[in-house]
Amino acid sequence: MYKFLIVFLLSVSSLYSKAQVTSYLGVHNTSFTYYAELDTSRFVVRLQVLVGFRDKDESLLLLKAGYKVATFTKKKNLSLLVYMPVMNYSFVNRAYNTPFNVEMDYKLTRVRFNAGVFIFLDKIDYYGTISIPFK
């Protein structure tokens, strides 16, 4: 069912003329991150790789598909996103989990700021990301 929803969101997103794929490079808490994102005016699909700076940090592959619940500025550069349960694959443990995810996203022309929360069954993880777009 989860794979079907992601394929459905990707196909619906590609129908919009405003859909564009953008790549970002940045820092996510104590990890280096690279992600490619398909963004329409409402739907967002993101494929993200996290590589930890420290030995105890995990390297992760994240697949997110979400909906922009609200935008708060006239330029629509500040938005609240709610994601379907995220496919969160750990390369170290060779296992994945599916936490819920909510995120605030603020885009400037050259810098992007994200603050969000992963909600697991047994814990809650907060994160912050600073990234720059590149082509």
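I will try to describe carefully the structure that is included in this document. Quantities reported herein were computed from a predicted structural model and do not represent experimental measurements. (Residues numbered from 1 in each chain as written. Predicted model: local features only at pLDDT ≥ 70, side-chain atom pairs only at ≥ 80, totals over all residues. Heavy atoms only, no water.)

Comments concerning the side chain of Asn101
With respect to the helices and strands, Asn101 occurs in strand S8 (residues 100-107). Residue classification places Asn101 among the buried residues on the basis of a relative accessible area of 1%. (Helix = DSSP H or I, 4+ residues; strand = E, 2+ residues; numbered from the N terminus. Buried < 20%, exposed > 50% of the residue type's maximum accessible area, 1.4 Å probe, protein only.)

Points about the pattern of salt bridges
The tally for this structure, following the rule as stated, stands at eight salt bridges. Residues Asp39 and Lys107 are paired through a salt bridge, measuring 2.7 Å at the closest nitrogen-oxygen approach. In this pair, Asp39 sits in strand S2 (residues 31-39) while Lys107 sits in strand S8, placing the two residues 68 residues apart along the sequence. Where Glu103 meets Lys64, a salt bridge forms, and the shortest distance between an N and an O atom there is 3.4 Å. Of this pair, Glu103 sits in strand S8 while Lys64 sits in strand S4 (residues 60-71); the two residues are 39 residues apart in sequence, bridging distant segments of the chain. Each of the two residues, Glu103 as well as Lys64, counts as buried. Where salt bridges share partners, they join Glu37, Arg46, Lys64, Glu103, Asp105 and Arg112 into one cluster. (Salt bridge = Lys/Arg side-chain N within 4 Å of Asp/Glu carboxyl O.)

It is worth stressing that arrangement in space is one thing and function is another; only the former is reported here.
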